[in-house]
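For reference, the chains in residue letters:
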Amino acid sequence: MPDDHIEVHRYDLTSNWVKEKIVTIEIEGKPDFEVATPPDFWPESPKETLSPEDLFVASAVSCYGVSLSGVSKRFHAEFTSFKVTATGTLQKGEYGWEFEQITIKPTIVVPTQKDRKRMEKAAERAHRYCVVSNSMKCPVHLDYKILVE
């Protein structure tokens, strides 16, 4: 018997062809934007246009950032600011190019040493429970730095 209480979240979007190797992403209530093949695969690509590869890494790093912001509250870990950088690397796989890995590198500024200890736990927990990273086939590594200022 199916469970009628299973919570499901849906994210609907539309993509339309614009011209060679360029499409739109359209999400109701949000600004449309174009996506193009990256310049390393298509030299004519408009350099200012996001690529699917940019968006793949951006989804992991932005998910980590919003998760860290929420998780730190649960751990009572105060932060003054944080900056998160990320690098995703591609390699040839069985079916063509694929992401080999993504490394997320947050630098988190905290006001006290006590916050540093709490933030270490929050940083790791945010990574462990990040929906996007957990859904990716490639490994997502975390390499954080916490500064007391």
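Each remark here, short or long, concerns the structure printed above.
From a predicted model like this one, the values you see are computed outputs, not experimental measurements.

Side note on the overall build of the protein chain
Argument step 1. Across its full length, the protein chain holds 3 helices and 7 strands.
Argument step 2. Starting at the N terminus and walking to the C terminus, you meet the elements of the protein chain as β-β-β-α-β-β-α-α-β-β.
Argument step 3. Here the C-alpha radius of gyration of the protein chain, 19 Å, is well above what a compact globule of 149 residues would show, namely 15 Å.
Argument step 4. Across its three principal directions, the C-alpha atoms of the protein chain cover 55 × 50 × 35 Å.
Argument step 5. Looking at the protein chain as a whole, 28% of its 149 residues are labelled buried.
Argument step 6. When contacts within the protein chain are restricted to residue pairs at least 6 apart in sequence, long-range pairs at least 24 apart make up 53% of them.

Let's talk about the packing of aromatic side chains
Argument step 1. Under the criterion given, the structure shown has 3 aromatic pairs.
Argument step 2. Both rings, one in F41 and one in W97, keep their centres 5.6 Å apart while their planes meet at 65 degrees; by these two values the pair is edge-to-face. Of the two residues, F41 sits in the loop between β3 (33-36) and α1 (52-74) while W97 sits in strand β5 (residues 96-110), which places them 56 residues apart along the sequence.
Argument step 3. Take F41: its relative accessible area is 34%, and that puts it in the partly exposed class.
Argument step 4. Taking the relative accessible area as the measure of exposure, W97 reaches 48% and is therefore partly exposed.
Argument step 5. Seen from their ring centres, F56 and F99 are 4.6 Å apart, and the 25 degrees between their planes marks the pair as stacked.

Focus: the pattern of salt bridges
Argument step 1. Taken as a whole and assessed by the stated rule, the structure comprises 3 salt bridges.
Argument step 2. Among the ionic pairs, D12 bridges to R10, the shortest N-O distance being 3.0 Å.
Argument step 3. Classification of R10 by relative accessible area gives exposed; the value is 64%.

Notes on the sheet that holds strand β1 (residues 17-19)
Argument step 1. Read from one edge to the other, the open sheet built from 3 strands follows the order β1-β2-β3, with strand pairing classed as antiparallel. The open sheet is flanked by β1 and β3, the only strands paired with a single partner. Sheet twist, expressed as the mean angle between neighbouring strand axes with direction ignored, is 35 degrees.
Argument step 2. With 2 bridges connecting them, β1 and strand β2 (residues 22-25) associate as antiparallel partners. The residue of β2 that forms the bridge with W17 is V23.

Calculation rules
- Residue indices follow the written sequence of each chain, beginning from 1 at its first position.
- Whole-chain, interface and lining totals are the exception, using all residues; otherwise, since this is a predicted model, local features are given only for residues with pLDDT of at least 70 and side-chain atom pairs are given and counted only at 80 or more.
- For side-chain calculations, the full set of non-hydrogen atoms in the structure is used, while hydrogens and water are omitted.
- Put simply, DSSP marks the helices as runs of H or I at least four residues long and the strands as runs of E at least two long, and each gets a number from the N terminus on.
- The reference for a compact globule is 2.2 Å times residues^0.38; the radius of gyration itself is calculated from the C-alpha atoms.
- Summary of the burial criterion: residues with accessible area below 20% of their type's maximum are buried, those above 50% are exposed, and those between are partly exposed, where the area comes from a 1.4 Å probe applied to protein chains only.
- Working rule for contacts: check all heavy atoms of both residues, and any pair within 4.5 Å makes them a contact.
- Think of it this way: a Phe, Tyr or Trp ring, Trp meaning its six-membered ring, pairs with another when their centres are within 6.5 Å, and the plane angle makes it stacked under 30 degrees, edge-to-face over 60, tilted otherwise.
- Within this document, salt bridges are pairs made up of a side-chain nitrogen of Lys or Arg and a carboxyl oxygen of Asp or Glu, the two lying within 4 Å of each other.
- Any two strands between which DSSP finds at least two bridges are classified as paired.
- Only the stretch in contact is used when fitting a helix axis, every axis being a line fitted to C-alpha atoms; angles between N-to-C directions are given from 0 to 180 degrees.

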